[in-house]
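Each chain, letter by letter, is given below.
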Amino acid sequence: MTKQRKLILDIINRSHSHPNADEIYHEAKLIMPSIALGTVYRNLGLMVKEGEIRRLVSENAPDRYDRVKPLHDHMVCTRCGAIIDTNIGSLWDAIEHSVGEKIVGYELTVKHVCNCCKSEQK
Ligand SMILES: [Zn+2]
Ligand SMILES: [Zn+2]
């Protein structure tokens, strides 16, 4: 693993804020000033493909990146797009049972209105 790739992976594994590529780039630059945005994008793409990190695709915002472990799901605010981690228990067994075969993964996004947006409404 290149040291650029290790750095990017560390940033994502430490983060709980689901950073986008730009945010990862800025954080990486603090530690490794010579790193290029293109390098960050290329490594993110490779790591998603190899299952080291997750890409969270949202409709009106840049893709965000997330650690793979521990296994968790996401709740997304339909107003502001904020993403929080949630663990609603493993659906893995239930899904395998339903589809009748072993699965390698699943994506679940729970949509809600976050507390900030709820209080703004009042
Ligand atoms: Zn919100
Ligand atoms: Zn997450």
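Peer 1: What is the right way to read the pairing of strand 4 (residues 83-86) from this model?
Peer 2: Where a strand is regular, its side chains alternate between the two sheet faces. Two strands pair when backbone bridges link them, and strand 3 (residues 73-77) and strand 4 are joined in this way by four bridges, in the antiparallel orientation. Each residue of the ladder has a partner; that of Met75, found in strand 4, is Ile84.

Peer 1: Please clarify how helix 3 (residues 37-49) should be interpreted in this entry.
Peer 2: Residues three or four positions apart in an α-helix share a direction because the helix packs 3.6 residues into each turn. Spanning 13 residues, helix 3 covers 19 Å between terminal C-alpha atoms, matching the ideal 18 Å at 1.5 Å per step. Restricting attention to buried positions, one finds in helix 3 the residues Val40, Asn43, Leu44 and Met47. The arc enclosing the buried residues of helix 3, seen along the axis, measures out at 105°, which places them on a common side. Across from the buried face of helix 3, at angles greater than 90 degrees, the exposed residues are Gly38, Gly45 and Lys49.

Peer 1: Would you mind showing me how to read the sheet that holds strand 5 (residues 109-112) here?
Peer 2: Strand order across the open sheet formed by three strands is 4-3-5, with mixed pairing between neighbours. The sheet is open, and its two borders are formed by strand 4 and strand 5, each paired with just one other strand. In this sheet, adjacent strand axes meet at a mean angle of 30° when their direction is disregarded.

Peer 1: Help me out: how do you make sense of the domain arrangement of the protein chain in this one?
Peer 2: Note: interface size is frequently given as the accessible area lost on complex formation between the parts. Parsing the protein chain into structural domains produces domain 1 (3-67) and domain 2 (73-121). One C-alpha centre belongs to domain 1, the other to domain 2, and the line joining them spans 22 Å.

Peer 1: What am I meant to see in the packing of helix 1 (residues 3-14) against helix 3 here?
Peer 2: Helix-helix packing: each pair is described by the crossing angle between the helix axes and the interaxial distance. Running from amino to carboxyl end, helix 1 crosses helix 3 at an angle of 70°, the nearest separation of the two axes being 10 Å. By the angle between their directions, the pair helix 1 and helix 3 is classed as roughly perpendicular. In this structure, helix 1 contributes Gln4, Arg5, Ile8 and Leu9 to the contact, and helix 3 contributes Thr39, Val40, Asn43, Leu44 and Met47. Looking at the contact of helix 1 with helix 3, its residues break down into five nonpolar, three polar and one charged.

Peer 1: Help me understand the environment of Trp92 in this model?
Peer 2: Position of Trp92 among the secondary structure elements: in helix 4 (residues 92-99). Between the C-alpha atoms of Trp92 and Gly105, which are 13 residues apart in sequence, the distance is 7.9 Å.

Peer 1: Can you walk me through helix 4 in this structure?
Peer 2: Burial of helix 4 is sparse: only zero of the eight residues sit out of reach of the surface. Positive phi shows up at Gly100, right after helix 4, with a value of about 75°.

Cut-off values and rules
- Residues numbered from 1 in each chain as written.
- Chains lettered and ligands numbered in written order.
- Predicted model: local features only at pLDDT ≥ 70, side-chain atom pairs only at ≥ 80, totals over all residues.
- Pairing = 2+ DSSP bridges.
- Helix = DSSP H or I, 4+ residues; strand = E, 2+ residues; numbered from the N terminus.
- Expected span 1.5 Å × (residues − 1).
- Buried ≥ 20, exposed ≤ 12 C-beta atoms within 10 Å, placed from the backbone.
- Arc of directions from axis to C-beta.
- Axes fitted to C-alpha atoms, helices over the stretch in contact; angles between N-to-C directions.
- Domains from an automatic or database assignment.
- Parallel < 35°, antiparallel > 145°, perpendicular 65-115°, else oblique.
- Contact = placed C-beta atoms within 7 Å.
- Nonpolar A, V, L, I, M, F, W, Y, C, P; charged D, E, K, R; others polar.

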